[in-house]
Amino acid sequence: MSRPTIAELKLTEDRRYWPSRAVPGRKGMCFETIMGCHDEDPLRAKSARKASSQIGRKRQRKAILKLARKLEYEARGMRVPKSLASSLHMRRKRDAIFSHVWRLADRYNGPVTTATVIKRGWEFTADQLEHIDLPRLRNGFLADLNRRGAGQADGWLIGFFHGEWETPSEVCRLHLHIVVAGEMIETVDELRKGRNYRYRNHDSVRFRVRIDRKPLTDLPYPFTYCLKSYWPWKHVVVTASGKRRTRRHKRIPEPVHTQVLQFLDRRRLTDLVVVKHVSVRKGRLKHSTKKSKR
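Anyway, here's the lowdown on the structure attached to this text.

Each value, and the rule that gives it
- Residues numbered from 1 in each chain as written.
- Predicted model: local features only at pLDDT ≥ 70, side-chain atom pairs only at ≥ 80, totals over all residues.
- Heavy atoms only, no water.
- Phe/Tyr/Trp six-rings, centres within 6.5 Å; stacked < 30°, edge-to-face > 60°.
- Helix = DSSP H or I, 4+ residues; strand = E, 2+ residues; numbered from the N terminus.
- Buried < 20%, exposed > 50% of the residue type's maximum accessible area, 1.4 Å probe, protein only.
- Lys NZ or Arg CZ within 6 Å of the ring centre and 35° of its normal.
- Salt bridge = Lys/Arg side-chain N within 4 Å of Asp/Glu carboxyl O.

A word on the packing of aromatic side chains
(1) Moving on: For the coordinates displayed, the defined rule picks out six aromatic pairs.
(2) Moving on: Relative to Phe263, the ring of Trp231 lies with its centre 5.4 Å away and its plane at 55 degrees, an arrangement referred to as tilted. Of this pair, Trp231 sits in the loop between α6 (221–224) and β6 (232–239) while Phe263 is found in helix α7 (residues 256–265), placing the two residues 32 residues apart along the sequence. As far as burial versus exposure is concerned, Trp231 and Phe263 are alike and both buried.
(3) Moving on: Taken together, the ring pairs connect Trp122, Phe141 and Phe161 into an aromatic cluster.
(4) Moving on: Over the face of the ring belonging to Trp233 we find Lys250, whose NZ or CZ atom lies 5.6 Å from the ring centre.

Structure follows, in C-alpha cells:
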C-alpha cells in the first residue's frame, strides 16, 4: 500500500487555516473565487480550440480538442475534471494543501520563510514540455540539497514546480517555489555555491536562489504563491546593466498556452511536489525528523 501524499490532503478541521476563508492581504491579495475559476476554465477551452487551428499535425489537434472538451465540463453537464489544467480543480487542491502548510508553519517552533530556486538547465522549448521528466529534475534537486547537508539539517521543506514562458528566448523556464523552515533555510542558501545556482555574465536570471529574509506577513498568501494554477508570460528586457526580467504577468499567447495546459493535464499533482523532512500522517502534514547526531 502506497504512502499518502500531499496531493491527497483534505481541508483541515480548523477552518482558520483555510486560504479560501482568509481576509485579503494589505496589497489586495485574495484567494481566487469559485466564480472566477468557473469563468477561467471555459476561457481556456475556447483558447485551446483556437490553438488547434494553428497546429499542423492531426494527432496534436485531436489531443488539444480532447483537452478543450475536458475543460468544457460545465456546458457538458460533467463533473470538474481532476486535471491540473483546470483552474477550479487546482483551487480545491490549493485550498486543501495550504491549509495544512499554514497549520504546519504556525505550529513549528522555529523560523519559516519562502524561497525561489531556478536551477540552470531547467529551460525547455514549448515542444519539449511533453518530454520533461519531472521525477528526474526533483531527484537532482534533492541530491543537490543533500550535498549541502540537508540530511542532517533540522527543519523541513515543501516545494512546487512552476513555469513561465520567457521571450524573446522563447523558452519555458521551470523553477521551484518553496516553503522552508529551520536549518533547511541555510541549506537552501548553500545552493548558491553550486555551479548550477550561481549567476553568470549575460545570464537572464539574476538570482537563482532567492530567500525571503523578512518575517512573513499577510498569511497565507506567501504560501499559496508557491503553487499557482497558471503559468505567466514574462519578457526579458536588456538594460545598461544586463538582462532583467519584467515583473508584469501576461497570459501566454497561443499555441504555447495550450501546450502548457497539455503539460499540466498529463501530470499528477505529486509530480510537481518536492518535500524534505515532511510526511503525511493521519491526514496531516508532519515534520518527520529531528536533528541527527553529528
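Comments concerning the pattern of salt bridges
(1) Moving on: Considering all chains together, one arrives at 18 salt bridges under this definition.
(2) Moving on: Between Arg213 and Glu186 there is a salt bridge whose closest N-O contact spans 3.2 Å. Taken together, the positions of Arg213 in the loop between β5 (209–211) and α6 and Glu186 in helix α5 (residues 184–190) put the pair 27 residues apart, joining distant regions of the chain.
(3) Moving on: The closest approach of N and O atoms between Lys193 and Glu190, which form a salt bridge, is 2.9 Å.
(4) Moving on: For Glu190, a relative accessible area of 28% gives the class partly exposed.
(5) Moving on: One continuous salt-bridge network, built from bridges that share partners, spans Glu123, Glu166, Arg173 and Arg208.

Limitation: the analysis is restricted to geometry and does not speak to function.
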